[in-house]
Amino acid sequence: MKIFYALYELQPQNHYPKKAPPPVRKGALLKIQWSEDRIGFADLHPWPELGDPELEQHLSELRETRLTTMVEQAIWLATLDAQGRLEKRNIFDNQIMLRNNAIIGRIDPHTVELLDPLVKKGFSVIKLKVGQNMENEIQMINRIAITHNVKLRLDFNSKLTWNTFSKYLNGLSAQAKKMIEYIEDPFAYDPELWKEARQIIPLAIDWELDQIPLNQIEPVEADVLVIKPTHQDVNGRVEQAKKWNKSVVVTSHMGHPLGVMQCLQVAQELYKKDPKLMRDPGCMTFDVYEPTEFHSLLNIQGPYVRKVGGWGIGFDFVLKGQQWNQLKMR
Ligand code: MG
């Protein structure tokens with residue numbers, strides 16, 4: 001097996017033109033070659049600020065033939081891609097198109113104006129990244145509850161405490177609470193606190209799921225498991241979700257468009273096998289970044305993503321044009 005990598009940078013969109021642009025995000029595309037005609041691609045896009053090892057650490061472990069979980073997942077996703085390429089088929093063919101949630105990464109006084117165009121495009125589930133300016137957010141969510149008929153997913157990335165959580169919920173109108181499909185990672189996972197919180201509002205566990213061992217028998221205190229195929233053992237987590245009678249939401253890792261397409265492919269496969277288990281995925285994270293040559297090949301219609309031309313996951317020509325370095329393994 002030969003492994004090649006191509007380093008890349010993605011420039012997050014700057015929503016505040018008066019401020020300096022946010023720092024670029026770094027990742028690597030992997031090209032894994034098992035044989036002359038079995039070649040697959042995947043994305044390695046860690047979030048060290050959310051607990052992932054740095055990119056260089058993944059690569060240096062791989063040089064020593066040790067696999068981090070993310071590299072393991074990348075290799076798995078690359079095998080799916082390679083199979084499609086080998087059989088000369090696009091792995092999005094014959095799939096059910098799934099409706100993604102929209103993502104609003106910041107809440108300011110104009111957020112409500114973003115909703116009309118989204119609803120017109122067909123989005124009915126909106127994920128809000130919250131926990132930055134509580135009062136503004138509460139006001140805005142209460143306003144949305146009056147003006148729009150959408151489902152909301154509120155993601156706090158564990159920024160709250162029990163106190164701020166109850167304060168937040170107390171600030172929301174009854175109508176707003178009714179619109180909330182779930183609250184994701186309100187605060188660090190603690191079975192007792194999460195259990196109590198779940199009695200008030202449904203919870204989803206995303207990054208906090210890393211603390212729950214794959215062989216844990218006792219059900220997690222959440223209603224939904226958020227699975228990022230680039231980060232988690234998908235089959236293991238799905239088995240757990242079934243055993244515990246939880247729903248599954250597949251989301252992207254906010255990484256490279258190729259990796260995001262692979263997350264969506266996994267969501268489609270899981271949906272085909274067990275539609276009742278699955279809720280709308282959240283893989284519509286392409287426009288978090290300034291467009292690249294990969295973005296220009298995407299085929300997005302509202303909440304739906306169609307295939308990108310080529311075999312496997314697609315992108316054949318741009319993949320060929322990347323600067324590939326062979327990873328020297330010991
Ligand atoms: Mg999350």
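Residues numbered from 1 in each chain as written. Predicted model: local features only at pLDDT ≥ 70, side-chain atom pairs only at ≥ 80, totals over all residues.

**Some remarks on the overall build of the protein**
This is how the line gets drawn: Each helix corresponds to a stretch of at least 4 residues labelled H or I by DSSP, and each strand to a stretch of at least 2 residues labelled E; elements are numbered beginning at the N terminus. Our radius of gyration is a C-alpha quantity, and the globule rule it is checked against amounts to 2.2 Å times the number of residues to the power 0.38. The exposure scheme places C-beta atoms from the backbone and then counts, for each residue, the other C-beta atoms within 10 Å of its own, assigning buried at 20 or more, exposed at 12 or fewer, and partly exposed in between. Residues are defined as contacting one another if the C-beta atoms placed from their backbone atoms lie within 7 Å.
Secondary structure summary: the protein contains 10 helices and 13 strands in total. Relative to the 2.2 N^0.38 estimate, which gives 20 Å for 330 residues, the radius of gyration of the protein is 20 Å and therefore close to what a compact globule would have. With the principal axes as the frame, the protein shows a C-alpha extent of 60 × 45 × 40 Å. Split into buried and exposed, the 330 residues of the protein put 41% on the buried side. Considering only intrachain contacts with a sequence separation of at least 6, the fraction spanning at least 24 residues in the protein is 66%.

**Quick notes on the sheet that holds strand E9 (residues 224-227)**
So the rule is basically this: At least two DSSP bridges between two strands are needed for those strands to be called paired. Fitted lines through C-alpha atoms give the axes, limited to the stretch in contact for helices. The angle between two N-to-C directions lies from 0 to 180 degrees.
Pairing is parallel across the open sheet formed by 7 strands, whose spatial order is E4-E5-E6-E7-E8-E9-E10. Taken across any chain shown, the strands that pair with only one partner, and hence form the sheet edges, are strand E4 (102-104) and strand E10 (247-250). Mean inter-strand twist for the sheet, computed between neighbouring axes without regard to direction, equals 25 degrees. Taken together, the 4 bridges between strand E6 (residues 151-155) and strand E7 (residues 180-184) define a ladder with parallel strand orientation. Bridge pairing in E7 places Leu152 opposite Ile180. Contacting E9 and E10, helix H8 (residues 234-244) crosses the sheet at an angle of about 175 degrees to E9.

**A few points about the nonpolar core**
Here is the rule: We call a set of buried Ala, Val, Leu, Ile, Met, Phe, Trp, Tyr and Cys residues a nonpolar core when their C-beta atoms link them within 7 Å. Note that the domain bounds were set by an automatic or database domain assignment.
Ranked by size, the top nonpolar core spans 83 residues in total, and within it Leu30, Ile205, Leu225, Val248, Val250 and Ala267 carry the most contacts. Counting residues per element, this core draws most heavily on helix H9 (residues 257-273), which supplies 9 residues. Looking at this core, you find at least three residues from each of domain 1 (2-89 + 316-326) and domain 2 (102-306). Val250 has contacts with Ile227, Pro229, Cys263, Val266, Ala267, Leu270, Pro281 and Cys283, leaving out every residue within four places of it along the chain.

**Focus on the environment of Lys272**
With respect to the element layout, Lys272 can be found in helix H9. With 177 residues separating them along the chain, Lys272 and Gln95 place their C-alpha atoms 7.9 Å apart.

**Points about the sheet that holds strand E3 (residues 38-44)**
One key point about sheets: their strands pair by backbone hydrogen bonds, in either a parallel or an antiparallel sense. Strands sit in the order E3-E2-E1-E13 across an open sheet of 4 strands; the sheet is antiparallel. Pairing within the sheet leaves two strands with one partner each, and these edge strands are E3 and strand E13 (325-326). Judged from the 2 bridges that link them, strand E1 (residues 2-10) and E13 form a sheet pairing that is antiparallel. Following the sheet pairing, Tyr5 is matched in E13 by Asn325. Running over the sheet, helix H1 (residues 55-63) touches E1, strand E2 (25-35) and E3 and is turned about 20 degrees from E2. Across the sheet, H9 lies against E2 and E3, angled at about 105 degrees from E3, the strand it touches most.

**Side note on the domain arrangement of the protein**
For the record, the criterion: Residue type decides the class: Asp, Glu, Lys and Arg count as charged, Ala, Val, Leu, Ile, Met, Phe, Trp, Tyr, Cys and Pro as nonpolar, and the leftover types, Gly among them, as polar.
Per the domain assignment, the segments of the protein are domain 1 (2-89 + 316-326) and domain 2 (102-306). Domain 1 and domain 2 are separated by 24 Å when their C-alpha centres are compared. With 21 residues of domain 1 at the contact, the number on the domain 2 side is 20 residues. Elements that contribute at least two residues to the side of domain 1 that touches domain 2 include exactly E1, E2, E3 and helix H2 (69-86). Element by element, the count of residues in the side of domain 1 that touches domain 2 is highest for H2, at 6 residues. A class-by-class count of the residues in the side of domain 1 that touches domain 2 yields 12 nonpolar, 8 polar and 1 charged.

**Some details on the pairing of E10**
Judged from the 4 bridges that link them, E9 and E10 form a sheet pairing that is parallel. Its bridge partner lying in E10, Val226 is registered against Val249.

**Focus: the packing of helix H3 (residues 111-121) against helix H4 (residues 134-147)**
Two quantities define a packed helix pair, namely the angle between the helix axes and the distance between the axes. Test applied: Here a crossing is called left-handed whenever its near helix is offset anticlockwise from the far helix by less than a right angle, and right-handed whenever the offset is clockwise.
In the contact formed by H3 and H4, the axes pass within 10 Å of each other and the chain directions differ by 35 degrees. For the pair H3 and H4, the crossing hand works out as right-handed. Together, Thr111, Val112 and Leu115 of H3 and Met140, Arg143, Ile144 and Thr147 of H4 make up the contact between the two elements. For the contact of H3 with H4, the residue count by class is 4 nonpolar, 2 polar and 1 charged.

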